[in-house]
4 protein chains.
Amino acid sequence: MKTNSQKYKWYKIVFEHDTKAGRLFDEILLGLILMSVAVVMLDSIQQINNSFGRLLLTLEWTFTILFTIEYLIRIFLTPRKSKYIFSFYGIIDFLSIIPTYLSLIFAGTQFLIIIRVIRLLRVFRILRLVRFTMASVYLIHALKHSREKIIVFLGTVLLIVTIMGALMYIVEGPESGFDSIPRSIYWAIVTITTVGYGDISPVTVTGQFIASLLMITGYAIIAVPTGIITAEMSREKAKNQGTRVCLKCSNTDIDTDADFCKKCGAKINQGKQ
Amino acid sequence: MKTNSQKYKWYKIVFEHDTKAGRLFDEILLGLILMSVAVVMLDSIQQINNSFGRLLLTLEWTFTILFTIEYLIRIFLTPRKSKYIFSFYGIIDFLSIIPTYLSLIFAGTQFLIIIRVIRLLRVFRILRLVRFTMASVYLIHALKHSREKIIVFLGTVLLIVTIMGALMYIVEGPESGFDSIPRSIYWAIVTITTVGYGDISPVTVTGQFIASLLMITGYAIIAVPTGIITAEMSREKAKNQGTRVCLKCSNTDIDTDADFCKKCGAKINQGKQ
Amino acid sequence: MKTNSQKYKWYKIVFEHDTKAGRLFDEILLGLILMSVAVVMLDSIQQINNSFGRLLLTLEWTFTILFTIEYLIRIFLTPRKSKYIFSFYGIIDFLSIIPTYLSLIFAGTQFLIIIRVIRLLRVFRILRLVRFTMASVYLIHALKHSREKIIVFLGTVLLIVTIMGALMYIVEGPESGFDSIPRSIYWAIVTITTVGYGDISPVTVTGQFIASLLMITGYAIIAVPTGIITAEMSREKAKNQGTRVCLKCSNTDIDTDADFCKKCGAKINQGKQ
Amino acid sequence: MKTNSQKYKWYKIVFEHDTKAGRLFDEILLGLILMSVAVVMLDSIQQINNSFGRLLLTLEWTFTILFTIEYLIRIFLTPRKSKYIFSFYGIIDFLSIIPTYLSLIFAGTQFLIIIRVIRLLRVFRILRLVRFTMASVYLIHALKHSREKIIVFLGTVLLIVTIMGALMYIVEGPESGFDSIPRSIYWAIVTITTVGYGDISPVTVTGQFIASLLMITGYAIIAVPTGIITAEMSREKAKNQGTRVCLKCSNTDIDTDADFCKKCGAKINQGKQ
């Protein structure tokens, strides 16, 4: 694909974000996605569905057709078609338009509602736009570097809730809502994370004592992931002063004289933190 | 306005905080605001309203007249009148006195209660006094520098609650209270923030499993804003040792030999952290 | 008082903690206090009170007499009697023995329960023992240095809950439990601190939207006190490496060649962090 | 035991984790443990027990026999048999197989459920596998070094909930669920940890005011353990760059030229953080 061709210009507008037109395209698309999600939401409210059902259906079809056109344009413009189609966003783009068409063939409200909601995954596109700001690159890096510790932490939490859940199943029994080990584990998660719905809560003295231990555990160990992330971020902050980041693949290993990313070949602009 | 005139002396007392008389004026005003808010609060309690309604009405009118006098004095003293009137605090000062006068013209208790509460915004004045301590300048700076990362974080949280809310709407359905996507999103926010009212809570096994995932997500990602703010504060602390801050506009870019702020022209005193 | 006299030896045992005998005395006393609190607790449970009421009453009188003896010994041993009697722990020591004697004169269960509980303040003595470990000195220092920022933070939280509470009183009204501004503020505190009892919860769409905002606010700003304390602790940690602390008055301004505290004259041992 | 013997090879597979075969053995065992726990969980759900009770019983016996074989192999292979049998995991291994055999002799479902759940402790084996990653060594170290401060913190929290619980017992009384001091303390723990079930919640104005104070306390002091852990982790991170850790006993005091651990004699590989 020649870099001066008309197709390349459009490719840059639709797929990239560093030109004025490309940014405008993204903003309009983001607006349309948000509006289409709003329509799905409003449609789920019974009173609104009863009054404005017809209008919402029309809007839904309008958005579906617009997104279909966008999807076809993306396939037409991209040089390596199969790569786009089977990429994460390619699949979401496809899944977000297919339910409305399917609703023509298959009747039955229950099924329709399910496929309609898949379209909500379109919101992930917002994430795609957001991903390219330095701030999110920075956050994702801190999370990535702490991955191992976070897994160890979550594993320990899962172990605690499993044992405590099983224990409470024995201690409290089905009368207070602890009617199976999985449900007791659900209760333990509700408690250790300090959510505390109160749909299931201990009534015996022993149960309330064990619950108290679990609560204090949850209250104290929240410090652990916070400590992990904070230590990582402080380090990242100290290290990353003035480094450059590839906005395409998030690679931070960029030589000071580099103009293109070593890993994906994207042009590199001086990043601002 | 001459700096030696009587009017300028009063201007300093009413609008500024660096003289003894000015501080006294602020403290008296703060006391009056707190008392007037207390009257509004007590008035909202049915039993107290029944017994002391007359006394509270008298007090309300007393405060309204005092604040009206204060408002008129401020307009009289300030050299650029329109600037004060249309400033944030000018508008609040006006809105805080108008409801009581309006209650003379428009009857109907429900309506009165609504306008009375606007007066509570007067409490923001407390913030104005507080704003000038170094501690709050320090906190606001840390928040400002982390703004981008906090927006990315909140965006991600909103995305998660939208998708999870929609998913739970499908999984649980109207029987367990998930009767529309917006209401399910409300539930997801209640859950991810670990508030957990329990007014809506999942009853199916699948619903409880998804809820558990959401709780653990909420429990783990609370570490992210904490990490952001902490890293920023540690950096701020290291950097700000011995720097000076303009108490008028919070500008911290002040040369060591400066006597006046570069941005707003206010006199600068050596700030103590 | 001569430092070699018998009385001084006993004074050191009863009031100080740096001898073996003194530590043993404190440990026995701590054990007695915990047991007496346990008796008060068990006595409050209706079933236990019915079955073991007599035994618990005997134990209560035993503890009261032991603590009375301890109180009289303390008065006898201390050189400046009035200083001890009117000190914080002197008053608590007195208040913790008086209710049982008063119960002989004044009958009426309700009144008795109230005065019994005052005795629980004796638990603060545990704090007195704990206070002398380096760990708590370190924690108290970090809290003291962050005092101003914590006040600003709490002030902002109070302002938010007042305004949000008043707003919810208007929006939701008495039907959903928001029947006065103070109660609505109570709800706002339950929500912003992520406690979420669910005794009062919004039912209207507007109310649930405002509640969502308040929850996310609470979820995000928890980062602020954490950031304050963490930054302070990191700094404290870096600074305090190898410093010495007076175990009597918590003074940390101790010269490297000092053997006694400048402020209270207590002997200084090399503190270990 | 000769290091080239067949028995030693098997010993390394069963007890150690640094060979390919040893890791495979651990992974298969972990899989079996998780499946056996899943069987216990499913068995506790009434509907599943009714339909698949026979299948679950067969699976339970299969797992029990497999774990019995594993236990006997471990005893056979280990050179110091009594050391293994009375070690923490040796006891758990034994306890995890005995309940199923006991169920043949002793009938009565209630008793059976209790002993079945002990088997869940087998999940701790997962921890044993995880323990050998650097990430958990790092976390455990940070927790160990902060032990004292965490104890002081938890002690203060316990003191606060005891006094507040007793206070609420007086203020609210049995009508609102505060029917004994231990139950009021349970409520105080539910509140200070921000769990907030709502099974017990204050109804009087005084009670709600005290509860508000407790909530704000809980909300603010969560910063303390977080600060402790974070400060420790930041320090640990700075210090531990490039240090080596014994994967057997977690000892970090290893000389740069050491090939074996000073404390347990295990071979040391260069650890990667």
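What counts and how
Residues numbered from 1 in each chain as written. Chains lettered and ligands numbered in written order. Predicted model: local features only at pLDDT ≥ 70, side-chain atom pairs only at ≥ 80, totals over all residues. Heavy atoms only, no water. Helix = DSSP H or I, 4+ residues; strand = E, 2+ residues; numbered from the N terminus. Buried < 20%, exposed > 50% of the residue type's maximum accessible area, 1.4 Å probe, protein only. Contact = heavy atoms within 4.5 Å. Least-squares fit on C-alpha atoms with pLDDT ≥ 70 in both. Buried area = accessible area lost by both parts, 1.4 Å probe. Salt bridge = Lys/Arg side-chain N within 4 Å of Asp/Glu carboxyl O. Polar contact = N/O pair within 3.5 Å; in protein donor to acceptor, adjacent residues only side chain to side chain. Nonpolar A, V, L, I, M, F, W, Y, C, P; charged D, E, K, R; others polar. Expected span 1.5 Å × (residues − 1).

Colleague: Honestly, the side chain of D:Thr191 in this entry has me stumped. Any pointers?
Modeller: Tracing the backbone through its elements, the reader meets D:Thr191 in helix α10 (residues 181-192). The exposure class of D:Thr191 is buried, given its relative accessible area of 0%. When residues no more than four places from it in sequence are discounted, the contact partners of D:Thr191 are C:Val195, C:Tyr197, D:Ala211, D:Leu214 and D:Met215.

Colleague: Just checking my understanding: could you explain the relation of the copies chain C and chain B for this structure?
Modeller: Here the two chain copies are tied together by a rotation about an axis and a shift along that axis. Take chain C, turn it by 91°, move it 0.0 Å along the axis, and it overlays chain B with an RMSD of 0.2 Å. In short, the pair behaves as if placed about a four-fold rotation axis. A share of only 18% of the interface residues of chain C reappears at the interface of chain B, consistent with the copies meeting through non-equivalent patches.

Colleague: What should I look at first to understand the interface of chain A and chain B in this one?
Modeller: Think of interface size as the accessible area that goes away when the parts come together; that is how it is often given. The interface of chain A with chain B comprises 46 residues on the first partner and 44 residues on the second. Of the roughly 3800 Å² buried where chain A meets chain B, counting both sides, 75% is carbon and sulfur surface. The tally of links from chain A across to chain B stands at zero salt bridges. The interface formed by chain A and chain B includes seven residue pairs in polar contact (both at pLDDT 80 or more). Contributions of two or more residues to the side of chain A that touches chain B are made by α2 (20-44), α6 (109-118), α7 (124-131), α8 (134-145), α9 (147-172), α10 (181-192), α11 (205-221) and α12 (223-240) of chain A. If you tally residues by element for the side of chain A that touches chain B, the top one is α12(A), at seven residues.

Colleague: In this structure, what is going on with the side chain of C:Ser184? I would like to understand it.
Modeller: Structurally, C:Ser184 is set in helix α10 (residues 181-192). Exposure remark for C:Ser184: the relative accessible area of 0% places this residue in the buried category.

Colleague: Would you mind going over the relation of the copies chain A and chain B with me for this structure?
Modeller: Rotating chain A by 90° and moving it 0.0 Å along the rotation axis overlays it on chain B with an RMSD of 0.1 Å. Of the residues that chain A buries at the interface, just 15% are likewise interface residues in chain B, meaning the two copies contact each other through different surfaces.

Colleague: Where do I start with the interface of chain C and chain B in this structure?
Modeller: Chain C puts 45 residues into the contact, and the matching count from chain B is 46 residues. Taking both partners together, chain C and chain B bury about 3800 Å²; carbon and sulfur atoms supply 75% of that area. On inspection of chain C and its partner chain B, the count reaches zero salt bridges. Taken together, the links from chain C to chain B amount to eight residue pairs in polar contact (both at pLDDT 80 or more). With twelve residues, helix α9 (residues 147-172) of chain C is the largest single contributor of residues to the side of chain C that touches chain B. Grouping the amino acids of the side of chain C that touches chain B by side-chain chemistry returns 27 nonpolar, 13 polar and five charged.

Colleague: Is there a simple way to explain helix α11 (residues 205-221) of chain D in this structure?
Modeller: Because each turn of an α-helix spans 3.6 residues, side chains separated by three or four positions end up pointing in the same direction. Given a rise of 1.5 Å per residue, 17 residues ought to cover 24 Å, and the 24 Å separating the end C-alpha atoms of α11(D) matches this to within 8%. The distance from a side-chain oxygen at the start of α11(D) to the backbone nitrogen of D:Gly207 is 3.0 Å, and the residue carrying that oxygen is D:Thr204.

Colleague: Would you explain helix α10 (residues 181-192) of chain B in this entry?
Modeller: All names here are of chain B. Taking 1.5 Å per residue, twelve residues should reach 16 Å; α10 reaches 16 Å between its end C-alpha atoms and fits that length. The buried fraction of α10 amounts to ten of the twelve residues, a majority that puts the element mostly inside the structure. What α10 keeps buried is the set Ile181, Ser184, Ile185, Tyr186, Trp187, Ala188, Ile189, Val190, Thr191 and Ile192. At the C-terminal side of α10, Thr194 shows a positive phi close to 60°.

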